[in-house]
Amino acid sequence: QRAAVQAAPLSPGALTDGTEVPLLANLGSPKGAAEAVELGAEGVGLFRTEFLFLSSDEAPTVEEQTESYTELLQAFPGKKVVVRALDAGADKPLSFLTNTEEENPALGLRGLRALLTDEQVLDDQLTALANAQEATEADLWVMAPMVSTVEEAQRFSELAHAKGLKTAGVMVEVPSSALLAENILGEADFASIGTNDLTQYTMAADRMLGSVSHLQDPWHPAVLRLIREVGAAGQSTGKPVGVCGEAAADPLLAVVLVGLGVNTLSMAPAALSDVRTELTLHSAEKARAVAQAALGASSAAEARKAALAASQS
Ligand code: PEP
Ligand code: MG
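Residues numbered from 1 in each chain as written. Chains lettered and ligands numbered in written order. Predicted model: local features only at pLDDT ≥ 70, side-chain atom pairs only at ≥ 80, totals over all residues. Heavy atoms only, no water.

Quick look at the environment of Ala-191 now. Tracing the sequence through the fold places Ala-191 in strand 6 (residues 191-193). Given the relative accessible area of 2%, Ala-191 is considered buried. A C-alpha to C-alpha distance of 7.7 Å links Ala-191 and Lys-239, two positions 48 residues apart in sequence. Ignoring anything within four residues of it in the chain, the contact list for Ala-191 reads Val-170, Val-172, Leu-185, Val-230, Pro-240, Val-241 and Gly-242. (Helix = DSSP H or I, 4+ residues; strand = E, 2+ residues; numbered from the N terminus. Buried < 20%, exposed > 50% of the residue type's maximum accessible area, 1.4 Å probe, protein only. Contact = heavy atoms within 4.5 Å.)

In structure tokens form, the structure reads like this:
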């Protein structure tokens, strides 16, 4: 009997000089885990827990959450899995957590702000995550969405560590957090840049609104300069910085992000292959040069053009 033919594992994300750039998956359900592994995900960089409860009228119980998180972690033994606390509000309202009366929900009680108004929901979620960590072998990291102050970062870290969760970080999605990245990283174990919201808030353009969608472009040098702040803070503090917004799925922009000091990239699993291939074409020095070229531009279109020219020179 012939042995089953096993596909060779896909090579991990890396630049030509060997600099490792782990390529991780964005997931909204444990169901997507197997496909992500098949496509070469080296772990999970963003698990959007709110997607599990979009149709729930009541806050999920500790038990049902423990079950979902355990299923997710079991798919990634020994691998890093970053789970985001519920990001309720604005484009992702949860009926048990979101006040739908707000006139500007994107600027209201969303993400960690909403969780800190109802700490029982956050407490239950962190308990379920701690249970799942206990029951599995994955390397669980937890992070808070929509953090805009150092105090919020400090509060989330304190609550997560108190539950026995070893690695607690924050998303950088608001310009205030990018500008104070070094202070934020003083309170958090890592940062993950959410470029979808960071672009929305930098450009003051609702990400859900078609009429301003031309402004929702993470190539804009204003967004890139904020990412540079976070990359530099990661390097000065020695704390890891990832990107988990759509920007990481654009192969040339992925090179720019690495050149700005980003250590890991997380994306929809379908994008992993093209990003992996593009990274193998450049050294760390070249990535920095490509990033510099993009930073010097005055528009998103110019930044793209300048980065492309630098990448080919
Ligand atoms: C982001 O804002 O870039 C992000 C990754 O989070 P979400 O898209 O779920 O808001
Ligand atoms: Mg976001």
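Time to look at helix 10 (residues 251-259). In terms of residue burial, helix 10 counts as a mostly covered element, since 8 of its 9 residues are buried. Those residues of helix 10 lying buried are Leu-252, Leu-253, Ala-254, Val-255, Val-256, Leu-257, Val-258 and Gly-259. Contacts made by the buried residues of helix 10 are with helix 9 (221-237), strand 7 (241-243), strand 8 (264-267), helix 11 (272-279), helix 12 (284-295) and helix 13 (300-312). Just past helix 10, the residue Gly-261 takes up positive phi, approximately 105°.

Ligation of the magnesium ion (ligand 2) by protein atoms is provided by Glu-173 (OE) and Asp-197 (OD), these donors lying 2.0 Å from the ion. You can see Glu-173 sitting in the loop between strand 5 (167-172) and helix 6 (175-179) and its partner Asp-197 sitting in helix 8 (residues 195-203), a full 24 residues away along the chain. Taking relative accessible area as the criterion, Glu-173 reaches 2% and is therefore assigned buried. For Asp-197, a relative accessible area of 2% puts it in the buried group. (Donors = N, O, S within 2.8 Å, 3.2 Å for Na, K, Ca; no water.)

A word on the packing of helix 2 (residues 62-74) against helix 4 (residues 119-135). One can describe the packing of helix 2 onto helix 4 by two numbers: an axis separation of 8 Å at closest approach and a directional angle of 40°. Compared by their axis directions, helix 2 and helix 4 come out oblique. For the element pair helix 2 and helix 4, the recorded crossing hand is right-handed. Taken together, the residues of helix 4 that come into contact with helix 2 (itself represented by Val-62, Gln-65, Thr-66, Tyr-69, Thr-70 and Leu-73) are Asp-124, Gln-125, Thr-127, Ala-128, Leu-129, Asn-131, Ala-132, Gln-133 and Ala-135. Each residue belonging to the contact of helix 2 with helix 4 can be placed in one class, and the counts come to 7 nonpolar, 7 polar and 1 charged. (Axes fitted to C-alpha atoms, helices over the stretch in contact; angles between N-to-C directions. Parallel < 35°, antiparallel > 145°, perpendicular 65-115°, else oblique. Left-handed = near helix turned anticlockwise from the far one by under 90°. Nonpolar A, V, L, I, M, F, W, Y, C, P; charged D, E, K, R; others polar.)

Before going further, it helps to examine helix 4. Over its 17 residues, helix 4 runs 24 Å from end to end, which matches the ideal 24 Å to within 8%, given 1.5 Å per residue. Along helix 4, the residues classified as buried are Val-121, Leu-122, Gln-125, Leu-126, Ala-128, Leu-129, Ala-130, Ala-132 and Gln-133. Looking at the buried residues of helix 4, the elements they touch are helix 2, strand 3 (80-84), helix 3 (112-117), strand 4 (139-144) and helix 5 (150-162). (Expected span 1.5 Å × (residues − 1).)

A separate point is the pattern of salt bridges. A complete count under the given rule lists 13 salt bridges for this structure. As a salt-bridge pair, Arg-207 and Asp-197 come within 2.9 Å of each other at their nearest N and O atoms. Taken as a pair, Arg-207 in the loop between helix 8 and helix 9 and Asp-197 in helix 8 lie far apart in primary sequence, 10 residues in all. The partly exposed category is assigned to Arg-207, whose relative accessible area is 25%. Salt bridges sharing common partners tie together Glu-50, Arg-84, Asp-87, Asp-91, Lys-92, Arg-110, Asp-197 and Arg-207. (Salt bridge = Lys/Arg side-chain N within 4 Å of Asp/Glu carboxyl O.)

Residue placement: Ala-162 occurs in helix 5. Assessed through its relative accessible area of 69%, Ala-162 is described here as exposed. Once the C-alpha coordinates of Ala-162 and Leu-253 are considered, the two residues, 91 residues apart in sequence, prove to be 37 Å apart.

Here we come to the packing of aromatic side chains. Centre-to-centre distance and the angle between the planes together describe a pair of aromatic rings. Going through the model one piece at a time under the given rule, you end up with 1 aromatic pair. On the basis of an interplanar angle of 50° and a centroid distance of 4.8 Å, the ring pair of Trp-141 and Phe-190 is categorised as tilted. In this pair, Trp-141 is assigned in strand 4 and Phe-190 in the loop between helix 7 (181-187) and strand 6, connecting sequence segments 49 residues apart. Neither Trp-141 nor Phe-190 differs from the other in exposure class; each is buried. The lysine or arginine in question, Lys-80, covers the ring of Trp-141, its NZ or CZ lying 3.9 Å from the ring centre. (Phe/Tyr/Trp six-rings, centres within 6.5 Å; stacked < 30°, edge-to-face > 60°. Lys NZ or Arg CZ within 6 Å of the ring centre and 35° of its normal.)

Right, let's get into empty space enclosed by the protein. Unoccupied space between atoms shows up once a probe the size of one water molecule is rolled over them. If you walk through the whole model with that rule in mind, you get 2 cavities of 30 Å³ or more. Its volume calculated, the largest cavity comes out at about 90 Å³. As for the largest cavity, its lining consists of 15 residues, of which Gly-45, Lys-80, Ser-192, Gly-242 and Thr-264 are closest to the centre. Secondary structure elements with two or more residues in the lining of the largest cavity: strand 3, strand 6, strand 7 and strand 8. Sort the elements by how many residues they give to the lining of the largest cavity and strand 7 lands first, with 3 residues. Volume-wise, the second largest cavity comes out at about 60 Å³. Forming the boundary of the second largest cavity are Leu-46, Arg-48, Arg-84, Lys-92, Met-171, Glu-173, Gly-194, Asn-196, Asp-197, Arg-207, Cys-244 and Gly-245. Those elements that provide at least two residues to the lining of the second largest cavity are strand 2 (43-48) and helix 8. When grouped by side-chain class, the residues that make up the lining of the second largest cavity number 3 nonpolar, 3 polar and 6 charged. (1 Å grid on protein atoms, 1.4 Å probe; cavity = no way out; pocket = protein on both sides within 12 Å on 5 of 7 lines; lining within 4 Å. Points joined across faces, edges and corners; volume = space filled by probe spheres on them.)

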